[in-house]
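# Architecture at a glance
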Amino acid sequence: MLKNYIKIAFLVLMRRKIFTFISLFAISFTLTVLIVISAMLDHMFAPVAPEVNMQRTLGIYFGEMKGPDSTWNGNPGYGLLDKCARNLPNVELISIFMENQTVNSYLRGQKIVSSLKRTDGEYWKILKFNFLEGSPITNEDEEKANFVAVINKSTREKFFPNESAIGKYIEADSQNFRVIGVVEDVSQFCNSAHSEIWVPLSTNKDQGYRREVLGRCVGLLLAKSPDDFPSIKTEFAQRVNNFEFPAELKNEYNKITCFADTSLEIISRQALGDPNPTKLILILIGLMVLFMLLPAVNLININISRILERASEIGVRKAFGASSWVLVGQFIVENLILTLIGSILGFIGSIVVLLIINQSNIIQYANFQLNYRVFFYGVLTTIFFSFLSGVYPAWQMSKLNPIEALRGGIR
Amino acid sequence: MIKQLFKIVWNRKKANFLIMMEVLISFLVVFLVMVSSIYFTDIYMYPLGYSYKDVWAVQIDTGAYNPEADKLKEQEIAKKIMQAAKDFPEVEALAGINVIPFDNNEWRTGFEFAGKSYSPAINYVTDELPEVLDIKLLEGRWFNKEDDAISETPVVINQALSRELYGSESAVGKVFESGLKSKKVYKVVGLVSDFRDDGELAELKSYMFQRNNLSSTDTEKMLLVDHFIIKLRPGTPAALEEKLVKTFTSIAKDWSFNIEALEDIRYKRMKSTLTPILTASIVAVFLMIMVALGLSGVLWQSVTQRIKEIGLRRAKGATQGKIYYQILGELLVITSIALFVGTIIVIQIPLLGFLNFVSIKVYVITLLISWAIIALLTVICGLYPSSIAANIPPAEALHYE
Amino acid sequence: MIKLDNIEKVYRTSRVETVALMNINLEVKEGEFISIMGPSGCGKSTLLNLMGLLDAPTKGQLLINGKEITSYKDKYLANLRNQEIGFIFQSFHLVNDLSVLDNVEIPLLYRKISSSQRRQMALKALEHVGLTARIYHFPSQLSGGQQQRVAIARAIVGRPKILLADEPTGNLDSKMGEEVMNLLVGLNEEKTTIVMVTHDKRMAERTKRIVRIFDGRQVG
């Protein structure tokens, strides 16, 4: 039976080239868009190098100070993190580093703009960078304020084309650093890992950052297990609550809050100001469904036309003993084959689109790729889509009266 | 004729419903993409109010926030740096500015006036700004030494703020109070057409310049210069940047300096605004191609299905042209129903409080253009099926009786 | 073979109610060849559709091959049609996408038969109508008469006891019509029961019995 279904399906698809083409265009285009979006989301949330420990990591990105007249929102400062985030129970490692700063370097009359991140030694233990050469910044570098730097591959290409960078010096923000390591480029989407030049925190020009309550630092906590997140969060919140304001701020502010968030919560807080990601996920799903609405209605229309076009055939088959379900099966197989071909085209399309996005560098160093997870999402959406656009027409067909089918199918 | 068309469409309502849905959703997609494109096109047309050619912005980063820092000393260093920049022969003019053009930062100040509260954007600038950015005054004058003697705080405002405060009256010379705790008294000394510091693609807003007097020694009123901008001789090479930074660093070792051409900041800002719109437009174009293909297929099929009916009409004396326009007319009836429903939906959007920044003018233009696009799209889809229908010979009808 | 007992068929739309058939009592015996005659729109096609289980009567009792039709559930009817009845239509209704052989195999697809056996049976049926030379042609490559012969092959391939033919010669010229009629008569002689709707008197005269319908009523 199935063999017959498939045989007839191919015959029909080959004969009705216009409809086949229209359907394939709609399916492959829709899937291209969906797969590209899935690839981007996957790229954002999947624990790939250097964020291999993402599942066990909490980030401290947001703080707020309040006083009778003023509110200050911003990154936590080193002073606050140093006091409250260290030695939390069930936390294996803690890193404090500065948000990226844009620095200019001048090389043979050319200006090179780079992102620079000042980090401690622990940073390199929580995030696992792929080193092309050399080694990471250590705690000792941080303590002694050694002027050493880790740079990424693209920066090496800019400063030292086609040669090793280890031991050479680069100037950034009028400071001179000796290169001790070169890492693979890291995508802009990896919030805490992305940069182009990494140097020890203590090399910062002005040492005032050590006292900042809110400022420009980020805390990264590596928990023993995700199960410990709630207790870590409460303990940290409590410590922040008991934080003693330095004298110069006491007049203006009297209350401070600061949050340790998972990566999803960080994005949700950034986008909606609410750490609960449910809303964000719902909005994303809603947008996807909204986008799929038009292709789905379009496909339903084409599918109904395809069925009506073959009304005569359906009438004949019914007259000669095909039950409605047998015909529905036939149609679903046809639809599945069509979606299958469409999704193969969609995958090819999305590879091309992702290649263009990667090449254009709209998102710095992003390397969107298709992997088995994205493939899985793709297959899932394909099935959902095929179902969405195939079920209503199939139901319509099963109701088709054989007499009317025979009459309407004339020609 | 039209009544009959409606009747035919109604009698085939089940078949037509999904086509109508498709047209309706297409209209909504087109509308949403068009509303943003037209909004930005419209806003782009307004004058910028200054020129960014050959201007560089210098950002001074003095390090951590420290309330105890010696502000006077810092001010002196900043002034030294500015003087050093001025001494370069390539630098034609220099001015201190609080919020540099095209940057994401924004400062606002609040005050009450005639019982209403206002919060215009505010920028603290020095007397030389018009030379650097080629700002033309419509009325009054820019800040100068005269202001040292005035007891009020001198301000230069843009037309939007002038209109908000004084309507069609001239604002220059008028005095108003901040009305808040500080009880500041402002005096309008000049009027500019506009100063769109967020660039051509940002919303229009009311704007106010306040004078930053660097020679003042009043630490309470003093505002540290954290940015300044320099006008360069045309054709100055980028290599000057390095020299500038070296000079600045030699004066203030602990400070960081970041120099960027305004043109580059503008480009980045534009790119980040336009990329999502462009992406949405590309997706929308593909969606419309898909809809056009789908609709043509559906219409073609429905014409072949209706051969008998059409043949009968031909046999009863309908001309080819009449059939042609009947099929097109049916399609237009479906389209206009969809557009009607779509318009009702679209009108709800601002009523529900979304898209409020879009002016009625832009909204109406968008509606008209979206109608035109959808009507054109459906008519193009209908042309081929209609001509097939028109070419059905009357004999076909009899053939199937 | 077929027994219609007080059959009534009414079509209802939201506004109008049309009586298509009233008080039809008819028995078709095994081996009979009946033609149903009447003017256009008298309900003769509706009658044939009821006998072919393509439509359900509004009222009355129907027996096919001694089996009483108790349920009008889709699957049950589909199975009965497949086993007992073969259809021949005025406009042939061959599936244009399929070859002659595939067209003839259609009724067998819905039985549990191996593909080799299917093919054997289809070839036999085609031999019966004299079209073995054209099994790989598509319907569009055949003349009207040939197409109707393929349709007849399709109707008899499952060896049904009853053949229902709706104006089988209506779309054919007289020579081809004659050929098709000869085939049907031959099939009847081989003990197939045939019910044929026609308004061609010459064709009706070649059958064993004529039933006339006028305005939804049986008149003789």
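Residues numbered from 1 in each chain as written. Chains lettered and ligands numbered in written order. Predicted model: local features only at pLDDT ≥ 70, side-chain atom pairs only at ≥ 80, totals over all residues. Heavy atoms only, no water.

Time to look at the layout of surface pockets. Its boundaries defined by the atoms lining it, the second largest pocket holds a volume of some 1500 Å³. Taken together, 49 residues form the lining of the second largest pocket, with Leu308 and Glu404 of chain A together with Arg12, Ala15 and Gln305 of chain B sitting closest to its centre. Of the residues forming the lining of the second largest pocket, the biggest block, seven residues, is contributed by helix α7 (residues 262-305) of chain B. Looking at the lining of the second largest pocket residue by residue, the classes come out as 24 nonpolar, 13 polar and 12 charged. (1 Å grid on protein atoms, 1.4 Å probe; cavity = no way out; pocket = protein on both sides within 12 Å on 5 of 7 lines; lining within 4 Å. Points joined across faces, edges and corners; volume = space filled by probe spheres on them. Helix = DSSP H or I, 4+ residues; strand = E, 2+ residues; numbered from the N terminus. Nonpolar A, V, L, I, M, F, W, Y, C, P; charged D, E, K, R; others polar.)

The next point concerns the sheet that holds strand β3 (residues 33-37) of chain C. Residue and element names in this part refer to chain C. The strand order across the open sheet built from six strands is β6-β7-β8-β3-β9-β10, with neighbouring strands paired in mixed fashion. In this open sheet, the two strands that pair with only one neighbour each are β6 (85-88) and β10 (217-218). The pairing of β3 with strand β8 (residues 193-197) spans four bridges and is classified as parallel. Note on β8: the bridge partner recorded for Ser35 is Met196. Contacting β3, β6, β7 (162-166), β8 and β9 (209-214), helix α1 (residues 44-51) runs over the sheet at an angle of about 155 degrees to β7. The sheet strands contacting helix α6 (residues 174-189) are β3, β6, β7 and β8, and the helix crosses β8 at an angle near 150 degrees. (Pairing = 2+ DSSP bridges. Contact = heavy atoms within 4.5 Å. Axes fitted to C-alpha atoms, helices over the stretch in contact; angles between N-to-C directions.)

Of all hydrophobic cores here, the largest spans 77 residues; its most connected members are Leu294 of chain A together with Leu287 and Met290 of chain B. Ranked by residue count, the leading element in this core is helix α2 (residues 13-44) of chain B, at 16 residues. One finds Ala322 of chain A together with Ile24, Ile34 and Leu98 of chain C within the second-largest nonpolar core, a separate group that totals 51 residues. (Core = buried A, V, L, I, M, F, W, Y, C linked by side-chain atoms within 4.5 Å. Buried < 20%, exposed > 50% of the residue type's maximum accessible area, 1.4 Å probe, protein only.)

With that settled, the discussion passes to a negative patch on the surface. Residue and element names in this part refer to chain B. Taken together, the side chains of Asp54, Glu92, Glu263 and Asp264 present a region of like negative charge at the surface. Along the polypeptide, Glu263 turns up in helix α7. The exposure class of Glu263 is partly exposed, given its relative accessible area of 37%. (Patch = residues over 30% accessible without salt bridge, like charges linked within 9 Å, V, L, I, M, F, W, Y side chains within 5 Å. Areas by Shrake-Rupley, 256 points an atom, 1.4 Å probe, with all protein chains shown as cover. Salt bridge = Lys/Arg side-chain N within 4 Å of Asp/Glu carboxyl O. Lys, Arg positive; Asp, Glu negative; His and termini not counted. Charge placed at Lys NZ, Arg CZ, Asp CG, Glu CD.)

Now for the sheet that holds strand β2 (residues 17-28) of chain C. Sheet strands pair by backbone hydrogen bonding; their relative direction is either parallel or antiparallel. Residue and element names in this part refer to chain C. Taken in spatial order, the four strands of this open sheet run β2-β1-β4-β5, and their pairing is antiparallel. Both outer strands of the open sheet, β2 and β5 (67-68), are each paired with one neighbouring strand and no more. Here strand β1 (residues 2-12) runs beside β2; their pairing, made up of eight bridges, is antiparallel. Residue pairing in the sheet places Lys9 in a bridge with Leu21 of β2.

Right, let's talk about the packing of helix α3 (residues 100-109) of chain C against helix α4 (residues 115-129) of chain C for a bit. Helix-helix packing is described using two parameters, namely the angle between the two axes and the distance between the axes. All names here are of chain C. Orientation of α3 relative to α4, taken along the N-to-C sense of each, is 120 degrees, at an axis distance of 9 Å. One way to sum up the angle between α3 and α4 is to call them oblique. Note on packing geometry: the crossing formed by α3 with α4 is right-handed. Listed contacts from α4 to Val100, Leu101, Val104, Glu105, Leu108 and Leu109 of α3 are Arg118, Arg119, Met121, Ala122, Leu123, Ala125 and Leu126. Considering only residue class, the contact of α3 with α4 consists of 10 nonpolar, no polar and three charged. (Parallel < 35°, antiparallel > 145°, perpendicular 65-115°, else oblique. Left-handed = near helix turned anticlockwise from the far one by under 90°.)

The next point concerns the domain arrangement of chain B. All names here are of chain B. Assigned domains of chain B: these are domain 1 (2-46 + 269-400) and domain 2 (63-254). The C-alpha-based centres of domain 1 and domain 2 are spaced at 52 Å. Residue-level contacts link 10 residues of domain 1 with 10 residues of domain 2. Buried surface at the junction of domain 1 and domain 2, both sides included, amounts to about 920 Å², of which 60% is carbon and sulfur. (Domains from an automatic or database assignment. Buried area = accessible area lost by both parts, 1.4 Å probe.)

Turning to the packing of aromatic side chains, a few remarks are in order. Residues and elements named next belong to chain B. As enumerated under the stated definition, the model contains 45 aromatic pairs over all chains in all. Between Tyr50 and Phe195, the ring centres sit 4.7 Å apart and the planes meet at 40 degrees, which makes this aromatic pair tilted. Pair noted here: Tyr50 is in the loop between α2 and β1 (55-61) and Phe195 is in the loop between β9 (185-192) and β10 (207-211), with a separation of 145 residues, a long-range link. The burial state of Tyr50 is the same as that of Phe195; both residues are buried. Between Tyr52 and Phe102, the aromatic rings sit 5.4 Å apart at their centres with planes inclined by 85 degrees, giving edge-to-face as the arrangement. Taken as a pair, Tyr52 in the loop between α2 and β1 and Phe102 in the loop between β2 (91-97) and β3 (111-113) lie far apart in primary sequence, 50 residues in all. For the pair Tyr52 and Phe102, a shared accessibility class is recorded, and that class is buried. (Phe/Tyr/Trp six-rings, centres within 6.5 Å; stacked < 30°, edge-to-face > 60°.)

Next up on the list: the packing of helix α8 (residues 307-315) of chain B against helix α9 (residues 320-351) of chain B. Residues and elements named next belong to chain B. Direction vectors running N to C along α8 and α9 enclose 140 degrees, while the axes themselves pass 10 Å from each other. Viewed along their axes, α8 and α9 adopt a mutual orientation that is oblique. Crossing geometry of α8 relative to α9 is assigned as right-handed. Across the interface between the two elements, Glu309, Ile310, Arg313 and Arg314 of α8 pack against Gln320, Ile323, Gln326 and Ile327 of α9. Residue composition of the contact of α8 with α9, grouped by class: three nonpolar, two polar and three charged.

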